[in-house]
Structures are given as C-alpha cells and as structure tokens.
There are 2 protein chains.
Amino acid sequence: MKPPITSLFEPRSIAVIGASQDRGKVGYSILKNILSGGFRGKIYPVNPRGGTVQGLPAYRDVEEIPAEVDVACIAIPARKVLAAVERCGRKGVKYGVVITSGFSEVGNTEEEKAIVQRAREYGMGILGPNIFGIYSAAASLNCTFGPEEVAPGRVGIITQSGAIGLAMIGKTAAENLGLSAMVSVGNKSDIDEADLLEYLVPQELTKIILMYIEGIKNGEKLVEHLKKATAVKPVIVIKSGRSKRGAMAAASHTGSLAGSDEVFDHIMRQCGVLRAEGIREAFDWCSFFSRNPLPRGENTLIITNGGGIGVLAADACEKYGLSLYDDTQKLKDAFSTVVPAYGSSKNPIDMTAEASSRDYEAAFETALNLDPVHAVLGLYCETAVFDRENLAAMISRNDERLKKGGKPVSFSLLGGENTARDIGVLEKGGVSVFDDVYQAVSPLGAMYFYHRHLHDRPGPPLTASIDVHAVETVVDGALKEDRTFLFAHEAQTLMGTAGIPVPRSALAGTLEEAVKIAEGIGYPVVMKVVSKDILHKSDVGGVMLDLLNRSEVIDAYQAIVGNALNAVPNAVIEGIEVTEMVQPGTEIIVGARRDKIFGPIVMVGLGGIYVEVMKDVSFRSFPLDRKEIIKMIKEIKSYPLLLGVRGEKTKDMDALAEVIVRLGSIILHCPRVSDIEINPLMVYEQGLGVKAVDIRVLIRKQP
Amino acid sequence: MKPPITSLFEPRSIAVIGASQDRGKVGYSILKNILSGGFRGKIYPVNPRGGTVQGLPAYRDVEEIPAEVDVACIAIPARKVLAAVERCGRKGVKYGVVITSGFSEVGNTEEEKAIVQRAREYGMGILGPNIFGIYSAAASLNCTFGPEEVAPGRVGIITQSGAIGLAMIGKTAAENLGLSAMVSVGNKSDIDEADLLEYLVPQELTKIILMYIEGIKNGEKLVEHLKKATAVKPVIVIKSGRSKRGAMAAASHTGSLAGSDEVFDHIMRQCGVLRAEGIREAFDWCSFFSRNPLPRGENTLIITNGGGIGVLAADACEKYGLSLYDDTQKLKDAFSTVVPAYGSSKNPIDMTAEASSRDYEAAFETALNLDPVHAVLGLYCETAVFDRENLAAMISRNDERLKKGGKPVSFSLLGGENTARDIGVLEKGGVSVFDDVYQAVSPLGAMYFYHRHLHDRPGPPLTASIDVHAVETVVDGALKEDRTFLFAHEAQTLMGTAGIPVPRSALAGTLEEAVKIAEGIGYPVVMKVVSKDILHKSDVGGVMLDLLNRSEVIDAYQAIVGNALNAVPNAVIEGIEVTEMVQPGTEIIVGARRDKIFGPIVMVGLGGIYVEVMKDVSFRSFPLDRKEIIKMIKEIKSYPLLLGVRGEKTKDMDALAEVIVRLGSIILHCPRVSDIEINPLMVYEQGLGVKAVDIRVLIRKQP
C-alpha cells in the first residue's frame, strides 16, 4: 500500500537530494524553482557538503532532517540513487521523485527494479525515474527543472515525454490555458498514469486532464481508472505511435511496448476518452472545454456572412460528428427578420456579405433565445461593408452571453491583418476563435463526443457462466501433448461447453452408423474420410458435399471408402465424418484474447477472406455492457450487412452479441486459453441464430 | 472565339460602367481601387450624368469613349446590364467584368443567358456576373470592391465564393504570401476556371494556382486544362461540399451542381491537383510551395531534440505519405559525431533535450551534406538548457542553406511565449514554421504528391476499337421498344462486340440441341427454363446447376420441362437456356458512365454484395494511360485480393485493365450508351482472364 497520492501533489515538506549552488546542475534548477514558485511547505536541501544552498541550511543526509519529509526529490547520479532511496525509506519519506536518468530507458532495468523493491519495503512510492519532476498548483509547488514561471489554471497534464512536457509548460502559459498540475511519469517504474488519476479526478482545480502517452504497461488498471475519470471530467489523450513507422520509433525510444494502436484507439473510445491527433488539437480541445459549458442537446447552428464558408463548415461538422439543427420551419420563423431576402434562414444561416455587426448581434441573440439550438458556430469573412472596428467587441459579448445561456460556441474569422489582430485579442480574452473552419469545428466535435458519453452511461457488464471445468479438461488434454493450440474437434467441444452453436457432426465407423448419424442431423450433410494417412482429402475423392437423402449417403460412403483405398491402398481409415452442411449466412469474425497490455479484449468484424484485406474490425475491453456491444458492432463499416442489404432481413444481432460475451467470458475465466477466433461465424436472420464454422483456439501452460 | 485572355488580366484600358462619387456605391469602390492600385493603362469612368468622377472626366456612355476599351467593368443595376453589354459590344470591348448580382444565383437565368448571347455576338467575353472583380499584379490592376491594399506576389487565386475571395485578399497580405492575380468567377456564365488557367499557367509571376470551387459546369474542359496546368506549376483546390450535408448546402447556395465529391476527388488526383481540406491547409501549402524548392528524391529526415515529438512526426509522415530515410548505416556514419550516445542516429535523429543551437546547426549541416537526404523536418521542444536567444537566427540560417541546397524544409517549434515570438519572426522572414507537428508535415506531404506527379508522366491514353455499328444496332433495338436499359442477352451481345468475355450460353429448342450446346460449351453447365409465363424459375424447379455430363443434361432437360409444365400447365416454353457454369474468382465491379459533369468516367472496385456496404471503389476520367489504370486499381482497399491472399496466385490484372479500357471506349464512342456496370466481373489467375457475370447497361435516346 502506497501513501495517499495527495502527499505527492500537496506535500507538507519536500527534501531536494542533490540540491546545489552550481547553476549548471539539475539540483540547482529544481530548488530554485521550488523557492521561486512559492511552495507553502517546508523545504530541505540535501547535499553531502552541508552548509547553505540557495540561502537555506543544507542537510548532509535526508535522515538528518529534524522533521517529517513527505516528498524527496532525487537529482543525483544514477549509481547513488538506490542508497538515497534506502535512506529516504528509513526516514519515512512518502514519495520519491526520481529525476535521474540512466535506468530502464538505457537497458539498466535491474537497478530500477531494485530501487522500486527497496522503496516498497518502506511503503514509499516512486515517481520516475527519468523525469523532469512535478508541478502542483494546489501546493504552489514547481518541483521541476523546467521554466521558472508556470501559469496556474485548470488543466492537469500527465506526460511520458520529458521534452514535450517541459515545452508544454511554456505553451500552456502562452496560450492562456494554465496548469492545475503537470507530472512527468518517465519510466513509470512504480507510479503510472492510473495512480495519478486518483488525485486529478476528484481534485477541484483540475477541470480537464490531458495525457501524453507513448506506451502503456498495465492497460487493465488504466482502463478502470479512465472509465471512472471520464464520468467526472473530460480526459484528452495524445498517443504517439499511431503509424507503423511511429510505433517502431516509439519502441526504440521508450522502454514500454507501443502495442496495437487500433486496439488502444477503440478502448479509449470505450472509456469515453478523447483522443487528439497531435498537440495542437489537444490544446484546442483543452481550451474549449475550459471555456465552454457542456451542451444540453445535439443541435448545432452555423451563422455566417458567406455561403461558401458555411458549406465548408457543414463539411467540417460532418467530419467531426456534429448534428446540424434541421427544423427549417422553426429556423425560418426565428431568423426571417434577421436574414435578408437573398440570404438563407436554413442552417447554415447565411446573412450574406452585406451583414454588419448589428446583424450578427441579432442573429446570435436569436440563436441564444431559440431553445432547440444547443451550440453555435460563428463564421465571418472580412468584407468591405462590415464595420470591423466593432467585430471583436461584438464577438466577445455574444460569446459570453451564449456561454452563460449554456450554449458552447466556437468562431472562425477569415481576413487580413485586422482580423488576425482581433483573433489574438479575443483568444486572450477567453473566446474560442480560430482562423480556420475545420479548426473551429474540431473542439466542438470533441465536446459532443464527450456529451454523448456522459448521456449514455453503461449498464451492468455482461458475462456468461462458463463450464470452466469442462474447458480445463480440454486444455489439459492438449497441453499434455505439448500443443499450444486445440484440434478442430477440441475447439468444437469448447464451443459446446460455452453454448456456442457449431455444425453437428459425428464419426461413423460403419455404413449403418453413417446413415443413422445423417438422419439424426437432418439433410443435407457433408461426408469426409478421416485417416491420418490421407492428408489431402479432396484430392483423393474423400469428400462429398450436399448429400440430400439416405441413398446419397449410402452411395457417398461406399464411394469415399473406395476412392480412399484406391488412392492410398494401405490407409487406416478411422471412420467417415458426417457433418451438417452449413447454410450460407453473413460471414462475421468474432474473437477474444488476453491482450498483453489490456487483458481480456473482444473483437468483431467482417469475416471470411475479407478480414485481412479490409481490416474492418472493432475491439473492446471485456467485460462490457450490452449497449457497448451494440456500439462495437455498429462501428464496423460492414454493419449494414447485418441490417440486411438487397431486401434481406435483419440478422440475429442478439445471437451475435451473445457469442461475443461467451468468448470474452472463456478468456476471462480460463487464463490458459489465450486466444479464440471464430471465422466465419455464420449469422442468420433474426431468430435463427448463428453457427461457428471455423474455430481457432490458442492455449498456454502458464497463465 | 473570345479575345486572348491576356486582355482580361492585362488590359491597356478599362471602363468602369457605374463609376460613382457616392462612397456607398460599388462603382465608387471599384474606381477608387483601380486608381489607388496604380493601374498603368487608361481609365474611363462611365456615368450617365457625365461630369467628373473621382477626378477623372466621366463619359455618359461607353461608346462615347474616344479610344479603344479592352475591359469594361459593369457595376449597375441588374436590369440595365444587358443594354450596357450591347453598347460594350458595339464599342468593341474585349471583356465585360459583370459585378452586378441578381441573375442565375437567384433564378434569373434567362437574363444571364441573354447577356452572354449578346456578348458572343460581338465576340466579347463575360466574367461573372455576381462577382467582386479581378485583381492582376502584372497590370497593377485592382478592379474589385475589396480591400484597397493588395500585396502582390506569387499565388494566383480563382474563387467561386465572393466572401471567401475578398477575405483571402487580406489574408494573403497578412500571411506574407502575396497575389499574382485574384479572380472572382461568380456564376461562370461564360468564362470559367479553365479559361482563366489559360492565362495563369504560362504566366511568369504566378508560381502556384489556388482555386476555391463550389460546383463545376464543364468538368471535361476543366480536367483537360488542369492536366496541362499541373505539368507546369502546382495547382491547389479547395472544394466545399465534401459531406452530404455540405453538398446540400452548396446546391442551395450556388447555381451549379455539386456533383459526387468522391468522383471529383479521384479525378483531381488523376490530374495531379492538390486538394486541400480547408483554407488553412491550402494557405500552408501555397506558402510552402512558394518558399521551397521541389525535392530531388523521396527521403525525408527528421531532426529533433525530443524523442516523443519525433514519434508524433513519424506518425504524421505516414499520414501525409512521406518516406523516411532508412539507411541506418549511412545515418550512423553521418550523425554519430553529432548525436550524443544516449540519443539516436536513426531517423528521427534524436539529439536529446541536451541539444543546443550549435548541435542543431551541426545536424542540419550534416543533413545538407548527406546526398541521399532530400527533405528535412526540423523539430524543437523548448528546454531549459537550449540557448533560446539563438533559436530564430539558427533556424533562419539553416532554412536558407537547405533550400539553396535543393532540400525543402519545414519546422515545428513547441514552447512558450518566446517560441511563439520566434515563430512569428521566422514566418515573416519566409521560413515554413509551425507550432504543431502535423501542420508542419502536411505541406511537405503535398509537395511530395506533386513531386511524384511530375516524375510519373502519363503515357499515351488507351482506347479500344469498338464495333460501334454493332453496338448501335443493339441500342436501336432496345430504344424501339422504349426501353432505357438492355436485356441480359443484349448486354451480353454488347460485351461480345467489345471483346469482353461472358459465360457462354445458348437457347436449346430440343433435347438434342441442349446436349449439343452443352458439349460445345464444355461441362459443367447450368440449365434454365426460358418462358415469359414463368417468372420465378427456381421456385418451380426450372433451374439445374452443376450438370457434369451428357446424361445429367438429358435428365435435367426432361426434369425442367416436366417441372415447368407441372407448375404452369399452359406455359409457353421458348426453350431451355444452357450456360457455362462460371467458376468462382475474385469478384470485382467495373463500370463506365457518362458523368453529368466530367463526361466519360470509369470505375473499379470490390464487387459482389460488398459494393454498397464497403464502397471500396475508385474513379477516373476516361481515356487514361496504363499507369493510371494500375494506380486506379491499386487505390482500392481490397487490392490485395487481386495480388492473391492466403497463398493464392496473382490475379489477371492485364485482363482487368483491358475490361476497364473497353467499357470506357464504349461510353466514349457510343454516346447513347450512358452507363455500363459489370458486377461481378470474375477475375481469375494471371493468364486465365476474366468473365463478366452480371451486366447492366443504361441507354438513352438523345446523347
């Protein structure tokens, strides 16, 4: 058990081990930043030479400090860190902030493990190593070697990259955004993002959380924490390594695994986390969330003085998932007095290039008072007739009124130097204003994603009860033969224990048995020779399809045996397999596996040979609730196939959802089953169920 | 024949019809802008009251002007425009620039047509109506009612939106970009984008062409001009109406058809045109092209002081289609002395957060001297140790050296106020520098698209010789019956005349004929009853599949006739169709049609039931060369199916390409065939050809 995480962010006292007078040293910068940052607790420089450091009495050893120490910031050479941690532990320090690099990031994993091990023995937590430190507005604590001046504010940032984090300190200040906290997690030897969320989620000052991630170590823990976090406040993530090349670069650059970006992306969506592409977008979103109320509904209204820019904005709205308000009668009633006859009172509201600031004012006021409008996008093209001296004030005023009225609002202004100046002034004044339509729409899109997440709370997670004992028996049998996979009939048994329908099948030793089995299954059936001496069954005439009745089964049995012995005279024939002939359906792939990073995950997608080519699949962390399963299925591009194309009926979504839950449950309850894939799963019309045609199962000795 | 387009951009004289002393009038602003813009030719105000306008003697009528008039700018009420055009025509004016609105954009199409008709009688060209005018740097002509000050420069802009165009005048100045020309095309009643390209493409001052398009009238003409243009200089297009909603808004907002955005997008790519998403991106690309040399090869190198930002940049490079230089040995040899031991001399070159401006200098110099590096991306995160007072000068110096060395370069700087200031200074100084990695990479991506276009010149366009007479005969037959489509056997005949293989098939009137046909085709065959009295052939047992030999054909014939007469006792049986049983192959869709906007176009994509769901298709304007056909096929996501998945052999791409050419040629040469679609076209292994299974052909009376 670690001490409460609040001790890390709001310590009553801090020791700086490696505090220095030497301006070139990291221990100098950190102590200087703590001092100039106005930290309200006690500060204890530690330096083996003792004396005075930056005006404070220095202790030769952390253990000499005559009072309690909540946090020790360690900025000394790597080889000395372990001993310092030992002393901190003895002293009862709650958290060690290990700035020093030269550990797992350069392959020195053992030393890092030893440090964490030692700290744990004393119940002490370790942040880092290989970090620039921690900033906490609540404690006025700037325990970093970054810029001296940090603007306090509403965004809490957790960053795995030191360089990006340090640069972000300046950027948040320059962009008038302000930090509630900034934590560098570095090698994440002990404390990771999930631990830090425990502080940031309930904390008052933090209105938005931004995380820069390169790789994740414990995905299951992170998912659990993120789900809780997004129920309380927006969480924005930048994860590098989206591309193959980027993932390679990330793997060489950090210790942790980059993982499949696609799985990460889908699971973040499941958690309600907003994933930004780059830093610009993430900052735009943070600003927008920090300045705007959440909308009360889905209807966005565009107000413009240029038709062309209105169309561009409508394009952007579709790209970012905004719904444009569409009640043309209500819009006409409300805007007919505001919009000139040659303009448009349809959405986008086009006030034409003749519009003045008073016309805009009237339009924004109408939007404010029109109840079904929930968010506003204001567009402006510089024109000759517009009274541009009034632009900034008009926008500022209406921005404030709309926000107060509970309506988020974003602006895009296109024009020359004057317009650029107005954008600068408005931006400083807290208005979300851009010089590009797409950039103006993106944050509103992010806000609507979050709005929908908040209004669509998950139900109870679904799991199916699995006959674990039966599964274990099958797995034991295969492991005894040193296999890492199951044979087809074993996989079918597994499906049977989980209640997933497979084609009925049995082995006939005699002609009479074959007929009996076929009659039991019902026609048509398929028959195949089973013999380890015959590998390519079709080639020797050992397979017969579409057998329609008793007499065809009799003919086929004789033909197959004859063909087989004709081709391989001494073949030992173990029997003839008689199998239900599977009716064609919509071919879907369903999978479940224990992901290295995220633990149990499930997958659904377009099956058959198209899996590899179209890669039309979606992933989720398991378990999950029914709504999320439906979302997951709807996300695949080929979802219309399940709704039925070309006059077909809707397919059996319930049965498909059930298979997803059952596969996930096997993975959850049977740790030695690492991977299950059904491809194709034939999905039939509503009410007619599914059939698992081809099943692959991977197993392992050690869970 | 219109007068040379140079007369419009570089007139020796201009008359302003509607020139005014009244500051509220458009005719005032235009004359004022012409005067203050320093136009070097003669200026003639025309106003029925005569006298003096803005210090110049005014003429009551354009015909009173005692000298030649090249351009007449018309800014008078709509109802008076036609008469003014008539007088201009009589006067011998070469181009009328009709500012006035109130024509086809508000439904007044007749008046607009009359104006163009009248102008044509006099050999005069019409720009507009419904425009803000024309600016031309070569003539120092600001014949617009936009801003008085226009920054001359290297970008020629053609815009269909007045508001966006006017705002862009200011924006180009504010962004230090500068205009060579700006033309508002408005309703495009006569002169369109293609006509204007005739001036801008050969013109010296114009280095880049930017077009804002809402809808296209004559796509074939535009394509022809764009192909020529991109061979000479980059062309960037913004087209609104990407989304369904946007397209709706565009259609209500302009007269012209928005068309299918997907077709537009693919055809622009075929023309080598760069399509920007929004105005920000378009401006970034224009700036970048105006400042940077074209690269000599594909290898981009990233130089960074932060690993994380390097990974983000690698992601962005993949998104925008850049190739990262990958020769690790050469990179190691070149950069080992520049990069510290704990950095990385792999691409991205990571100089670590310890890097100073001197380290960057060394790295950029190495990149300059390393021959196989063709483009550079410079990344910077603000750090505590960097000597930031040297940042701007260092970047400026290296930017210049790299460009001089023929290597385009883009920068992204992340940091606080100082960094923002440096970005501003560098930007003004002509450096392509951004505060976001994705934004920095996007223009380089655009440049590489253009680089590839220039280095991959098209071969001769392919067409197939079509037996037009045979096609016409089939079409005549169908049109006589008032049909707008062909029956299956007619469509098959059409394929036959074009040499596209279809399943062999013939109608048997007797059992003996059926056997003869089957033996001719080869087994297996399919047999179907043909009778207009029997609609659902399968339901009555009128279809038999997979008939393997003579005796099965005999049995099937008797069974089919028996079943048919049993089900519909008085049915008139025209015969039994005997058809080759088509072997399964890769199911592709191929189409060709006469597009309303672009004329003959061809399409290829994933066929079968997946067409509607996956929409995995690509389009091209026809005719096209072989390389472009291959590109078109490679663009579809399911292309790997044609390469062969799961150990299959490569499919017959030559035969597929040939079908595309033949379908396109039918459309090209037979104007009454408006639409052909083959789905599926079975594509077999290399050398085994294709087979057109299902063919739909639409026809029309009037081409």
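Sequence positions are assigned chain by chain, starting from 1 and proceeding in written order. Whichever chain is written first is A, and whichever ligand is written first is 1; the rest continue in order. Predicted model: local features are reported for residues with pLDDT of at least 70 only, side-chain atom pairs are reported and counted for 80 or more only, and whole-chain, interface and lining totals are derived from all residues. Think of the side-chain values as coming from all heavy atoms in the structure, minus any hydrogens and water.

Student: What's the story with the sheet that holds strand 8 (residues 133–136) of chain B in this structure? I'm lost.
Tutor: Sheets are built from strands paired through backbone hydrogen bonds, the pairs being either parallel or antiparallel. Residues and elements named next belong to chain B. Spatial strand order, 9-8-11-10-12-13-14: seven strands in an open sheet with mixed pairing. The open sheet has two edge strands with one neighbour each: strand 9 (141–144) and strand 14 (274–276). The average undirected angle you get between the axes of adjacent strands in this sheet is 20°. Any two strands between which DSSP finds at least two bridges are classified as paired. Strands here are runs of E lasting at least two residues and helices are runs of H or I lasting at least four, both read from the DSSP assignment and numbered beginning at the N terminus. Strand direction decides the pairing type here: strand 10 (residues 152–159) and strand 12 (residues 208–213), joined by five bridges, are parallel. Paired with Thr159 across the bridge in strand 12 is Tyr212. Helix axes are fitted only over the stretch in contact, all axes being lines through C-alpha atoms; the angle between N-to-C directions runs from 0 to 180 degrees.

Student: Looking at this structure, I do not really get helix 5 (residues 162–174) of chain A. What am I missing?
Tutor: An α-helix turns once per 3.6 residues; consequently, residues spaced three or four apart project the same way. All names here are of chain A. Take the residue count of a helix, subtract one, and multiply by 1.5 Å to get its expected span. The first and last C-alpha atoms of helix 5 sit 19 Å apart over 13 residues, in line with the 18 Å expected at 1.5 Å per residue. One fitted axis covers the seven residues ending at a residue, a second covers the seven starting there, and the bend at that residue is the angle between these axes. The sharpest bend along helix 5 comes to roughly 25°, located at Met168. Residue burial is assigned from relative accessible area. The probe radius is 1.4 Å, only protein chains are included, and a residue is buried under 20% of its type maximum, exposed over 50%, and partly exposed in between. In terms of residue burial, helix 5 counts as a mostly covered element, since eleven of its 13 residues are buried. What helix 5 keeps buried is the set Ala163, Ile164, Gly165, Leu166, Ala167, Met168, Ile169, Gly170, Lys171, Thr172 and Ala174. The term polar contact refers here to a pair of N or O atoms within 3.5 Å; inside protein, the definition further demands a hydrogen-donor-capable atom paired with an acceptor-capable atom, and it admits residues adjacent in sequence only when both atoms are side-chain atoms. Where helix 5 starts, the residue carrying a side-chain oxygen 3.1 Å from the main-chain nitrogen of Ile164 turns out to be Ser161.

Student: Which parts of the structure should I look at to understand the sheet that holds strand 24 (residues 575–580) of chain B?
Tutor: Residues and elements named next belong to chain B. A sheet is described by the order of its strands in space; here four strands give the open sequence 21-24-22-23, paired in antiparallel fashion. The open sheet has two edge strands with one neighbour each: strand 21 (505–508) and strand 23 (543–547). Strand-to-strand twist of the sheet, defined as the mean angle between neighbouring strand axes without regard to direction, takes the value 20°. Relative to strand 24, strand 21 runs antiparallel, the two being bridged by four bridges. The partner of Ala508 across the bridge, within strand 24, is Ile576. The contact criterion used is simple: two residues touch if any of their non-hydrogen atoms lie within 4.5 Å. Strands strand 21, strand 22 (525–530) and strand 24 of the sheet are contacted by helix 19 (residues 511–521), whose axis makes an angle of about 165° with strand 21.

Student: Looking at this structure, I do not really get the domain arrangement of chain A. What am I missing?
Tutor: Buried accessible area, meaning the area lost when the parts come together, often serves as the stated size of an interface. These domain limits were set by an automatic method or by a database of domain assignments. Along its sequence, chain A is carved into domain 1 (6–214), domain 2 (315–454), domain 3 (504–581) and domain 4 (586–699). The distance between the C-alpha centroids of domain 2 of chain A and domain 3 of chain A comes to 72 Å.

Student: Sorry, what's going on with the pairing of strand 28 (residues 673–683) of chain B here?
Tutor: Residue and element names in this part refer to chain B. Strand 28 sits mainly inside the fold: nine of its eleven residues count as buried. Judged from the seven bridges that link them, strand 25 (residues 586–595) and strand 28 form a sheet pairing that is antiparallel. Across the sheet, Thr586 pairs through a bridge with Val683, a residue of strand 28. Two strands pair when backbone bridges link them, and strand 28 and strand 30 (residues 695–699) are joined in this way by five bridges, in the antiparallel orientation. The residue bridging Glu677 from the neighbouring strand is Arg696, located in strand 30. In terms of strand pairing, strand 28 meets strand 29 (residues 690–692) through three bridges, oriented antiparallel. The residue of strand 29 that forms the bridge with Val683 is Val690. Linkage of strand 28 to strand 29, two consecutive antiparallel strands, is achieved through a turn of six residues, within which Gly687 is found at a positive phi near 95°.

Student: Sorry, what's going on with a nonpolar patch on the surface here?
Tutor: Residues and elements named next belong to chain A. Nonpolar side chains (Val, Leu, Ile, Met, Phe, Trp, Tyr) are joined into patches within 5 Å and like charges within 9 Å, using only residues with over 30% relative accessible area and no salt bridge. Where accessible areas are quoted, they stem from the Shrake-Rupley method and a 1.4 Å probe; at the residue level, only the protein chains shown are allowed to cover. Put simply, a salt bridge is a Lys or Arg side-chain nitrogen that is within 4 Å of an Asp or Glu carboxyl oxygen. On the surface, a cluster of nonpolar side chains totalling about 260 Å² of accessible area is made up of Phe485, Phe487 and Leu698. Here Phe485 shows up in the loop between helix 17 (468–480) and helix 18 (488–498). With a relative accessible area of 38%, Phe485 lands in the partly exposed category.

Student: Is there a simple way to think about the confidence of the model for chain A in this case?
Tutor: Fine structural detail should not be taken from predicted coordinates in areas where pLDDT scores are low. Residues and elements named next belong to chain A. Within chain A, residue pLDDT values average 93, and 99% of them lie at 70 or more. For residues 254–258, every residue scores under 50 in pLDDT, and the model assigns this stretch 13 contacts once sequence neighbours within four places are set aside. Both confidence scores are given for the complex: pTM 0.93, ipTM 0.92. Note: pLDDT gives the predictor's confidence per residue, expressed from 0 to 100.

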